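# Topology and contacts: notes
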Amino acid sequence: MLSKLITSALRALPALALLGGLSATAARAAETAEGYWQGVQKAGVLRCGAAVAPPYVMRDPATGEYSGFFADLCKEFADVLKVKPEFVDTTWDNIVAGLQAGKWDLSLALNRTPARAMAVQFSIPAMEYQISLAYNKNNPKIAAGAASVADIDKAGVTLAVMSGTAQDKAISAAVKNATVMRLPGNDETRLAVTSKRADILVDASDTNQLFTQSNPDWAVAINPTPALAKQGVSFGLPHQLSAADVEVIDIFLEEKVATGHVDELIKKAVDDVLKGAK
């Protein structure tokens with residue numbers, strides 16, 4: 001009798017092992033089926049990596065509060081997920097690496113480039129980005145009628161740019177004779193031009209528009225021809241996101257762009273910057 005029981009038990013072991021394997025497989029499948037955003041919802045917080053660049057992202061030094069149209073979009077996406085937004089301060093040099101390391105869930109206002117696409121994913125663009133050159137119209141180093149990078153790529157000309165940004169990479173690849181002055185933030189690059197330590201401010205056309213509107217007596221800007229860079233500006237996303245996860249934020253942005261809401265947020269952010277400059 002005992003031998004029969006042992007034999008039956010031994011015969012049952014493969015079936016039990018199979019059931020155990022199926023159970024583990026089912027658990028892994030359920031885990032995989034739960035998307036990235038469901039994990040964010042469980043955590044209750046959407047972490048947004050934020051490097052300051054008005055009007056995209058701004059930070060009040062007194063309160064630590066974030067504003068700007070990409071910060072607003074992050075808050076609105078957090079509302080869609082029914083979680084709280086949390087802004088993680090970073091720099092443009094580290095905004096991709098921090099996303100790769102899982103320090104935040106989204107990187108704000110990333111230019112879509114092939115190099116970055118090998119490290120992270122992107123949402124659809126919220127807006128199109130173009131690099132412009134802002135300078136003092138009375139600067140004798142800048143020829144009247146300058147229209148291209150070649151026109152300003154002269155020995156003795158200094159270009160101020162935020163280190164690690166798309167504009168840093170673009171201008172560094174384009175110039176051969178001018179000096180590139182890399183600085184850590186938006187304020188430092190503008191101060192370099194206003195104090196005449198640098199001759200030209202290299203930045204996004206919309207942020208340079210803020211600079212020229214704040215200094216109408218002397219500041220002008222050109223969008224060089226051919227374009228120095230023209231790219232979409234998007235949310236940076238973790239590389240492991242599934243196509244379904246990416247689609248969630250793409251659908252969110254499609255509506256915001258199509259209804260003109262993003263344009264409204266951009267106008268509000270530009271107005272806020274100009275008011276703060278007065």
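What counts and how
- Residues numbered from 1 in each chain as written.
- Predicted model: local features only at pLDDT ≥ 70, side-chain atom pairs only at ≥ 80, totals over all residues.
- Heavy atoms only, no water.
- Helix = DSSP H or I, 4+ residues; strand = E, 2+ residues; numbered from the N terminus.
- Contact = heavy atoms within 4.5 Å.
- Buried < 20%, exposed > 50% of the residue type's maximum accessible area, 1.4 Å probe, protein only.
- Polar contact = N/O pair within 3.5 Å; in protein donor to acceptor, adjacent residues only side chain to side chain.
- Pairing = 2+ DSSP bridges.
- Phe/Tyr/Trp six-rings, centres within 6.5 Å; stacked < 30°, edge-to-face > 60°.
- Axes fitted to C-alpha atoms, helices over the stretch in contact; angles between N-to-C directions.
- Parallel < 35°, antiparallel > 145°, perpendicular 65-115°, else oblique.
- Left-handed = near helix turned anticlockwise from the far one by under 90°.
- Nonpolar A, V, L, I, M, F, W, Y, C, P; charged D, E, K, R; others polar.
- pLDDT = per-residue confidence, 0-100.

## Structural notes on the environment of Q100
- When you line up the elements, Q100 lands in helix 4 (residues 95-100).
- Residues contacting Q100, with those up to four places away along its chain left out, are A119 and V120.

## Observations regarding the side chain of Q231
- Counting through the fold element by element, Q231 comes out in strand 12 (residues 230-237).
- A relative accessible area of 18% places Q231 in the buried class.
- Within the local environment of Q231, its side chain forms a polar contact with the side chain of N111, the two groups lying 3.3 Å apart.
- Not counting chain neighbours up to four residues away, the residues in contact with Q231 comprise N111, R112, T113, M127, E128, Y129 and A166.

## Structural notes on the pairing of strand 12
- Within strand 12, seven of the eight residues are buried, leaving the element largely enclosed by the surrounding structure.
- Pairing of strand 5 (residues 106-111) with strand 12, which is carried by three bridges, proceeds in the antiparallel orientation. Note that in strand 12 the partner of L110 across the bridge is S234.
- As judged from the four bridges shared by strand 7 (residues 127-136) and strand 12, these two strands associate in the antiparallel manner. Paired with E128 across the two strands is G232, which belongs to strand 12.

## Let's talk about the packing of aromatic side chains
- Here the structure, examined in full by the defined rule, presents eight aromatic pairs.
- Residues W37 and F77 carry aromatic rings whose centres are separated by 5.1 Å and whose planes lie at 85° to one another, so their mutual orientation is edge-to-face. Of the two residues, W37 is situated in helix 2 (residues 36-43) and F77 in helix 3 (residues 69-81); the sequence distance between them amounts to 40 residues. Like W37, the residue F77 is buried in the burial classification.
- Clustering of aromatic rings is evident, with ring pairs tying together Y36, W37, F77 and F252.

## Things to note about the packing of helix 3 against helix 10 (residues 243-258)
- As a packed pair, helix 3 and helix 10 sit with axes 11 Å apart at the nearest point and diverge in direction by 120°. On the basis of their axis angle, the class for helix 3 and helix 10 is oblique. In this structure, the crossing between helix 3 and helix 10 has a hand that is right-handed. Each of L73, E76, F77 and V80 in helix 3 lies in contact with helix 10, whose residues at this interface are V248, I249, F252, L253 and K256.
- Looking at the contact of helix 3 with helix 10, its residues break down into seven nonpolar, no polar and two charged.

## Considerations on the confidence of the model for the protein
- For the protein, per-residue confidence averages 88 on the pLDDT scale, and 87% of positions sit at 70 or higher.
- Scored below 50 in pLDDT, residues 13-32 makes zero contacts in the model with residues more than four places away or belonging to other chains.

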